[in-house]
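# Structural description and commentary
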Amino acid sequence: MPDADTDYIVGMHNFPWKRFVFRVFLFALIVRLLIAGSYIHSFDTEWNIMWGVQLAQLSREQLFGFYKAYSYVSSLDYPPLYLYPLHIVGSLILKTDIGGYPPMRMLVLKFFPCLLDSLNCVVLYRLGSKRSQLIGFSGAALWAINPATIINCAFWGQTDCVLMLAAALLFLSLTERRIVASGVLFALMCSTKLQGLYLTPIVGMEILDICFDGINVKKFKRSSLNRTNIMKFVRFVLSVLLTFTVIYLPFMVGSLFSLGNEAQSGWEKFFRPLTVYREGLKKYPYVTLNADNLYMLLNLNGKKDNLSFFHGLSYELMGKLFLVVLMLSVVVIYLLGRRCSHWLTAYFFINGIFMLTCRQHERYQIMVLILLAGAFMELADRRMLTLLSLHILVISVNQFRILASVKENSDWWGYYHTPMRSMKQMLESDMAAVQENGVAWLKYNATIGRVNAAVNVCLLLAATVFVLRYVWDRRPLQPFLRRMKELLVDYRRRRETADEWRGETELGNEE
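Residues numbered from 1 in each chain as written. Predicted model: local features only at pLDDT ≥ 70, side-chain atom pairs only at ≥ 80, totals over all residues. Heavy atoms only, no water.

## A short note on helix α1 (residues 17-38)
Given 3.6 residues per turn, any residue in an α-helix points the same way as the ones three and four places further on. The end-to-end C-alpha distance of α1, which contains 22 residues, comes to 32 Å, matching closely the 32 Å that a straight helix rising 1.5 Å per residue would cover. Among all positions in α1, only Trp17, Val21, Val24, Phe25, Ala28, Leu29, Arg32, Leu33, Ile35, Ala36 and Gly37 are buried. Where α1 is buried, its residues meet α6 (102-128), α7 (133-144) and α8 (147-156). (Helix = DSSP H or I, 4+ residues; strand = E, 2+ residues; numbered from the N terminus. Expected span 1.5 Å × (residues − 1). Buried < 20%, exposed > 50% of the residue type's maximum accessible area, 1.4 Å probe, protein only. Contact = heavy atoms within 4.5 Å.)

## Let's talk about the pattern of salt bridges
In total, this model carries 18 salt bridges according to the counting rule given. A salt bridge links Arg363 to Glu362, with the nearest nitrogen and oxygen atoms 3.7 Å apart. Taken individually, Arg363 and Glu362 each receive the classification buried, so the pair is uniform in this respect. A salt bridge links Asp473 to Arg483, with the nearest nitrogen and oxygen atoms 2.8 Å apart. Placement of Asp473 in the loop between α21 (445-472) and α22 (480-510) and of Arg483 in helix α22 is noted, with a sequence separation of 10 residues between them. (Salt bridge = Lys/Arg side-chain N within 4 Å of Asp/Glu carboxyl O.)

## Things to note about the side chain of Ser341
Looking at where Ser341 falls in the secondary structure, it is placed in the loop between α16 (315-336) and α17 (342-356). When its relative accessible area of 1% is taken as the criterion, Ser341 is described as buried. In terms of polar contacts, Ser341 uses its side chain to reach the side chain of Glu378, at 2.6 Å. Excluding residues within four positions of it along the chain, Ser341 makes contact with Glu378, Leu379 and Tyr470. (Polar contact = N/O pair within 3.5 Å; in protein donor to acceptor, adjacent residues only side chain to side chain.)

## Topic: the nonpolar core
Counting 108 residues, the largest nonpolar core has Leu83, Phe171 and Leu371 as its most contacted members. The element contributing the most residues to this core is helix α9 (residues 160-175), with 12 residues. If sequence neighbours within four positions are ignored, Leu83 has contacts with Leu55, Phe66, Ala69, Tyr70, Leu76, Tyr78 and Phe251. Membership of the second largest hydrophobic core comes to 8 residues, among which are Ile49, Val89, Ile98 and Met106. (Core = buried A, V, L, I, M, F, W, Y, C linked by side-chain atoms within 4.5 Å.)

## Quick look at the packing of helix α2 (residues 46-61) against helix α4 (residues 83-93)
At their nearest, the axes of α2 and α4 sit 7 Å apart, and the two run at 85 degrees to each other. By the angle between their axes, α2 is roughly perpendicular relative to α4. Contacts from Asn48, Ile49, Trp51, Gly52, Val53, Leu55, Ala56, Ser59 and Arg60 of α2 reach α4 at Leu83, Leu86, His87, Gly90, Ser91 and Ile93. Within the contact of α2 with α4, the residues separate by chemical class into 8 nonpolar, 6 polar and 1 charged. (Axes fitted to C-alpha atoms, helices over the stretch in contact; angles between N-to-C directions. Parallel < 35°, antiparallel > 145°, perpendicular 65-115°, else oblique. Nonpolar A, V, L, I, M, F, W, Y, C, P; charged D, E, K, R; others polar.)

## Let's talk about the confidence of the model for the chain
Mean pLDDT over the chain works out to 88, with 88% of the residues at or above the 70 mark. Taking the mean pLDDT of every element in the chain, the minimum, 47, falls on helix α20 (residues 421-437) and the maximum, 97, on α17. The low-confidence segment residues 415-427 (pLDDT under 50) makes 4 contacts with residues lying over four places distant or belonging to another chain. (pLDDT = per-residue confidence, 0-100.)

## Regarding the packing of aromatic side chains
Applying the stated criterion across every chain, the model contains 24 aromatic pairs. The interplanar angle of 75 degrees and the centroid separation of 5.1 Å between the aromatic rings of Tyr39 and Phe155 together place this pair among those described as edge-to-face. Placement of the pair is Tyr39 in the loop between α1 and α2 and Phe155 in helix α8, with a sequence separation of 116 residues. According to the relative accessible area criterion, Tyr39 is buried, its value standing at 14%. The class of Phe155 is partly exposed, set by a relative accessible area of 25%. Judged by centre distance (5.1 Å) and plane angle (65 degrees), the rings of Tyr67 and Phe251 are edge-to-face. Here the residue Tyr67 occupies a position in the loop between α2 and α3 (69-72), and Phe251 occupies one in helix α12 (residues 227-256), the gap between them amounting to 184 residues. Exposure remark for Phe251: the relative accessible area of 0% places this residue in the buried category. Members of the aromatic cluster, connected to one another through ring pairs, are Phe66, Tyr67, Tyr70, Tyr84 and Phe251. (Phe/Tyr/Trp six-rings, centres within 6.5 Å; stacked < 30°, edge-to-face > 60°.)

Put into structure tokens, the structure is as follows:
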């Protein structure tokens, strides 16, 4: 019997991991919501407010009006799934006590991103606890204080954290080899934000690897192409198609029976929820738009991507070529690599897309954080923590400098007052200087972006070396410099052996 005096002493043998993870989730959510209601702005959030309000009004005015969204809501380019929480947001904002009070309006708008980002703590614990509960708890705790996602969901109110949770659940189901669940979650992810389609090559290759017991050319067996394994893959495809149908069909039918867009044919109306994304892709035809990537380093921010730079080769075409190369790299990794992790491969792929393709925004790199965190939970390689920390720093700077620069230009400091006369006089003189010369740090905003982009390019090179070593190196855990020294010594030894053999052969020929 345990001593009654030691019942409350916590040790590794009786640590309440799940209860503490729940508290980590709860505290992470509270911190995010406190920031959400306190940080008031309108930059790049007015679209969500407008869509939410119009969805709520449409539901009130027309029978099944919600499902006619793609015919009536202005400039709507979101997939259907996130329209459900947006409808709730809009309904609450229409209430005067909420919509008329900016802190409450911000809190309602940012609630779902903050909630779902906090749930990532639970997903990381679930994944990490497969190796050890300590690793899982550490991952959950680190995510709770992740400044990059706090800026994204709590300060800004963006929906990237929603996509990250969908990706985390999808990749967790792939880790657990749940085929039907993976199909459902993949469709849900792509129906939440269009950027989810970026993960299609990794999901496709991983599902093939699971269904056919390995697709690596050195391990693949023709006997794997049997009825049972083929039916596994068919179940995945059917689960994807069925989920897409359940999500999209109501909106497609609603669009068909809407009274707007009379110039369109019935089929054009029916497929409107699918074709609307083409308009979204054409909105920002820039080489880079505030994304601290290779093109920011080359001072191409805000330049049109049809700009030619070498014998008619445009940046748009070069970005597409990089995308093809990255997709082929994923295929090669799965078919020829010594080992493969879908978390790490997806991190390599998404990071490459952000750094090397066009039309990227400041927020789009944030997806790599959940993928790299998942890779660490799976592989427990501490070098990934260094990569993760540096990525968090770079992504935080990229987001914050854009959001903060917009707020500085709104002249928010001009509304500050104090009853102390001497302080007020000093403040007024400072304001006059700022109004004349501009906010000091904004003069260096472009320089900060290029420095941040340079760090990001170095991270890309380091990450590429790390991933390629994991995939092909026989001893990937050995430090890089030591491994390079060993390879150099082996090369010299083989070279000397070859020279000796060649000398003996020539001597024998002479004799």
